[in-house]
Amino acid sequence: MNFPADFTSLLSRTGKLVALTGAGVSQESGLRTFRDAQAGLWQQYKPEDLASPEAFARDPQLVWDWYAWRREAVKGVRPNPGHYALVELEAKIPAFTLITQNVDGLHRFAGTRNLLELHGNLQRVRCSDCGTFAETWENDSGSVPRCMHCNGLLRPDVVWFGESLPRDPLEKAVEAIRTCQVFLSIGTSGLVQPAASLAHAAQSNGAVVVEINAEATPLTPKTDFFFQGKSGELLPKLIQAVWGN
Ligand code: NAD
Ligand code: ZN
């Protein structure tokens, strides 16, 4: 892949950039998309029956067990060159914000600092009644653990189907997008809101919209630059092409 000169010179001059990532950036770390991740005995369930407030109210143990299983699957998984290239990008761009829809924690693990986790994080839990966060809880294989303060059931701190996004990271994301010069969408299908609307907002505020994805998406026809390929390969090449060594 050769990046066009107008693109590399644009990036080298960019003062403010927002990147948005989705499940695709973690694919090369061995993590699958939400629906693919449902393997074995979980296959019989619809995603909404494992990841919604209604499901948790109906059968908290089932939902807890599903997340315990996913936490186990993420254990031992490491960031890939795409995650590390984004850490390098943060060092090159004066004002850099990374918005992620992933809940796997791999951007933080890799070392990204200005990170907005829009869908929460698998490794955190909070009380479903009083909202208190819990750092530690009883063994994952047992019954659903309870809050130290109010005895409510603990739940994963992730955004479920039908829930709104956490206000603080969403507000920060919108603010970063308002003034960014370049918006870079990576490894997201853009089907889940607000991914699609964030790219659109950036564009209407005058940002150049760039996409890196293994396949074309609904966003692709609207982009200023589209680079087709794996983020773990293209992102390190992009850093090399713009800043060299
Ligand atoms: P998605 O599954 O809808 O789309 C993934 C996109 O990544 C696709 O467009 C695909 O073409 C692209 N892709 C696949 N491999 C790639 C690669 N190696 N390099 C570049 N692109 C690649 O994912 P989404 O848009 O993030 O939306 C799914 C939802 O599921 C999100 O809400 C997210 O929170 C959740 N989710 C999170 C994780 C995780 O934390 N790792 C995993 C699965 C799903
Ligand atoms: Zn509580």
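Residues numbered from 1 in each chain as written. Chains lettered and ligands numbered in written order. Predicted model: local features only at pLDDT ≥ 70, side-chain atom pairs only at ≥ 80, totals over all residues. Heavy atoms only, no water.

Student: Where do I start with the packing of helix 6 (residues 81-92) against helix 10 (residues 231-243) in this structure?
Tutor: Helix packing geometry: the angle between the two helix axes and the distance between the axes. Between helix 6 and helix 10, whose axes approach to 7 Å, the crossing angle comes to 30°. With respect to their mutual orientation, helix 6 and helix 10 come out roughly parallel. For the pair helix 6 and helix 10, the crossing hand works out as left-handed. Taken together, the residues of helix 10 that come into contact with helix 6 (itself represented by Pro-81, Gly-82, Ala-85, Leu-86, Glu-88, Leu-89 and Lys-92) are Ser-231, Gly-232, Leu-235, Pro-236, Ile-239 and Trp-243. (Axes fitted to C-alpha atoms, helices over the stretch in contact; angles between N-to-C directions. Helix = DSSP H or I, 4+ residues; strand = E, 2+ residues; numbered from the N terminus. Parallel < 35°, antiparallel > 145°, perpendicular 65-115°, else oblique. Left-handed = near helix turned anticlockwise from the far one by under 90°. Contact = heavy atoms within 4.5 Å.)

Student: It is not clear to me how the sheet that holds strand 2 (residues 95-100) should be interpreted in this structure. Could you clarify?
Tutor: To summarise the sheet geometry, strands pair through backbone hydrogen bonds and adopt either a parallel or an antiparallel arrangement. Read across the sheet, 6 strands follow the order 3-2-1-7-8-9 without closing on themselves; strand pairing throughout is parallel. Where the open sheet ends on each side, the last strands, each with one partner, are strand 3 (115-117) and strand 9 (225-228). Recorded for the sheet is a direction-independent mean angle of 15° between the axes of neighbouring strands. As paired elements, strand 8 (residues 208-213) and strand 9 share 4 bridges and run parallel to each other. Considered in strand 9, the bridge of Asn-213 is made with Gln-228. Contacts between helix 10 and the sheet are confined to strand 7 (182-186), strand 8 and strand 9, with strand 8 contributing the most and set at about 135° to the helix. (Pairing = 2+ DSSP bridges.)

Student: Which parts of the structure should I look at to understand the nonpolar core?
Tutor: Proteins that are soluble and globular tend to have nonpolar side chains buried together. Residues Phe-7, Leu-17, Leu-89, Ile-186, Val-210, Ile-212 and Phe-227 are the most contacted members of the largest nonpolar core, which totals 27 residues. Residue assignment for this core shows that the elements contributing at least two residues are helix 1 (5-13), strand 1 (16-21), helix 6, strand 2, strand 7, strand 8, strand 9 and helix 10. Here the element with the most residues in this core is helix 10; it accounts for 5 residues. When residues no more than four places from it in sequence are discounted, the contact partners of Phe-7 are Val-210, Phe-225, Phe-227 and Leu-238. Core analysis: the second largest hydrophobic core is formed by 24 residues, Leu-31, Ala-51, Phe-56 and Val-74 among them. (Core = buried A, V, L, I, M, F, W, Y, C linked by side-chain atoms within 4.5 Å. Buried < 20%, exposed > 50% of the residue type's maximum accessible area, 1.4 Å probe, protein only.)

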